[in-house]
Amino acid sequence: MTSIANAPRVGILIGVLVLTAGRGFACTLDPGDILVTDLGRQAVIEIDGRTGQPCVVSAGGFLALPTGIAVDAAGQILVVDAEAFDGKGGIIRIDPSSGAQHAVSQDGYFVDPQSMAIARNGTIFVADPNAFDGNGGVIAVNPLTGRQKVVASGGTFVQPVGIAIAPGGRLMVTDREVLAVVRVNKATGSQKTLSAAGSFANPIGIVVSAAGEIFVADADAFEQSDGGIIQVDARTGEQRTVASGGSFNSPVALAIAASGKLAVVDYEGLIVVDPATGAQSLVPWSEGFGRPWGITIVP
C-alpha cells in the first residue's frame, strides 16, 4: 500500500469529519472513511475519515477502468470494472488490509458494467448500459459463486448507469438516455419510471438515504451544463435542485456521510454538499490523482 506523497494540506469539514490531504499514513478502513475509484490511476483510493489522509488501497492488477464501488458486510471492497479480465468486465473483491484482488464474477452478461449496490443478503446488483444487445439492464450476482442472473432488461431501459437500493428493497436506477430514475422490483424485474426529464440532462450517480431520500448526480444538468445534484421525491417523483453551478464540472457519483452531507465525485475532485442549503465545499485532489469516478463511504 502506497500513500500519496507531496500532497498539499487542505482541510474541509464534513459534519464531524475533517478531510485533510497530507503525507504518509497506512491504509486502514474505519467507519466514515471515503473510498474512491480513480480511472486515471486504475486504483482505489481511501480518504481517512478522521485525518483526511489519502492512501492507495489497491492499484493495477485486475483494475483497468474501475467505476462502481461498495463495501460488503465483511468489510471487503467490491469494485465493478468494465475493462477488467481482458476487457470482459466484471467485479473485483479487494482485501483492504493487503490490497489483494480476487475475481468475484466476470464476462457472462457483462458488457459495460458501470455501478453496483449490495443488498442486505449480500447479493450484488449491477447496472450495465450496454448489456443485452445494447438495451441495457440490471444483473444480480451471487457474491460467493459469481453466478449472474438477469433482473431486468429492455423495457424502459436504454442506458441504465447508476443504481442504489431504497430502504424497502426496491432498486433505483438512473438511465442517462431516457433521462429518468426508474424503480425496479428486484424479485420480478418490473420497472416503473419514478421521475423523468425535468432538470435531468445526464443523470448518472444515485444514492438513497436510510430515510428514503433520493439524490442524483447529473453531469450536465442546468443551463451552464456544469451539472448538479437533484433530489427526487420517492412518492411523487418531483424534483428539487439541491446544488448547481459553483464548483461543479460534471458530477458523476455521490455518497451520504453519517452527518447527512453529500460527498460528490466530480471531474474537479471531491465536493461536499449540504443537502439542506446546497452549500458546496471543494476538497482539491493532490497531484497524482487521475480521474475520480466512483465513491462510497465505509459504514
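For the structure itself, look to the data block above.
Here we summarise the structure given alongside this text. Being a predicted model, the structure only gives us computed values, none of them experimental. (Residues numbered from 1 in each chain as written. Predicted model: local features only at pLDDT ≥ 70, side-chain atom pairs only at ≥ 80, totals over all residues. Heavy atoms only, no water.)

Glancing now at the overall build of the protein. Each helix and strand counted, the protein has two helices and 27 strands in total. Here the analysis covers contacts within the protein between residues at least 6 apart in sequence; of these, 44% occur between residues at least 24 apart. Here the protein displays about 11900 Å² of accessible surface, and carbon together with sulfur accounts for 48% of that area. (Helix = DSSP H or I, 4+ residues; strand = E, 2+ residues; numbered from the N terminus. Contact = heavy atoms within 4.5 Å. Areas by Shrake-Rupley, 256 points an atom, 1.4 Å probe, with all protein chains shown as cover.)

Here we take up the packing of aromatic side chains. The tally for this structure, following the rule as stated, stands at two aromatic pairs. Plain terms: the ring middles of F62 and F85 are 4.7 Å apart, the flat faces sit at 50 degrees to each other, and that makes the pair tilted. Taken together, the positions of F62 in the loop between β6 (54–59) and β7 (66–71) and F85 in helix α1 (residues 84–87) put the pair 23 residues apart, joining distant regions of the chain. Taken together, a centroid distance of 5.5 Å and an interplanar angle of 45 degrees make the contact between Y109 and F132 tilted. Linking Y109 in the loop between β10 (101–106) and β11 (115–118) with F132 in helix α2 (residues 131–134), this pair joins segments that are 23 residues apart in sequence. Positioned above the aromatic ring of Y267 is the side chain of R291, whose terminal nitrogen or guanidinium carbon lies 3.9 Å from the ring centre. (Phe/Tyr/Trp six-rings, centres within 6.5 Å; stacked < 30°, edge-to-face > 60°. Lys NZ or Arg CZ within 6 Å of the ring centre and 35° of its normal.)

Looking now at the environment of T174. Examined against the element boundaries, T174 turns out to sit in strand β16 (residues 171–175). With near-sequence residues (within four places) excluded, T174 lies in contact with Q159, P160, V161, G162, A180, V181, P203, I204, G205, I206 and V216. Here I204 takes part through its backbone oxygen, which lies 2.6 Å from a polar atom of the side chain of T174. (Polar contact = N/O pair within 3.5 Å; in protein donor to acceptor, adjacent residues only side chain to side chain.)

The next subject is the sheet that holds strand β14 (residues 148–153). To summarise the sheet geometry, strands pair through backbone hydrogen bonds and adopt either a parallel or an antiparallel arrangement. Pairing in this open sheet of four strands is antiparallel, and the strands run β11-β12-β13-β14 from one edge to the other. Sheet topology places β11 and β14 at the edges, where each strand pairs with a single neighbour. Put simply, the sheet's adjacent strands are angled 25 degrees from each other on average, direction ignored. Taken together, the five bridges between strand β12 (residues 124–128) and strand β13 (residues 137–141) define a ladder with antiparallel strand orientation. Looking at β13, one finds that A127 is bridged to V138. (Pairing = 2+ DSSP bridges. Axes fitted to C-alpha atoms, helices over the stretch in contact; angles between N-to-C directions.)

Glycine aside, negative phi is the norm for most residues, and most peptide bonds take the trans geometry. Look at A197: it is not a glycine, yet its phi comes out positive at around 50 degrees. The residue A197 is located in the loop between β18 (191–196) and β19 (203–208) in this model. Backbone geometry places S250, a non-glycine residue, at a positive phi of 80 degrees. Residue position: S250 is located in the loop between β22 (239–244) and β23 (251–256).

So yeah, pure geometry; function would need other evidence.
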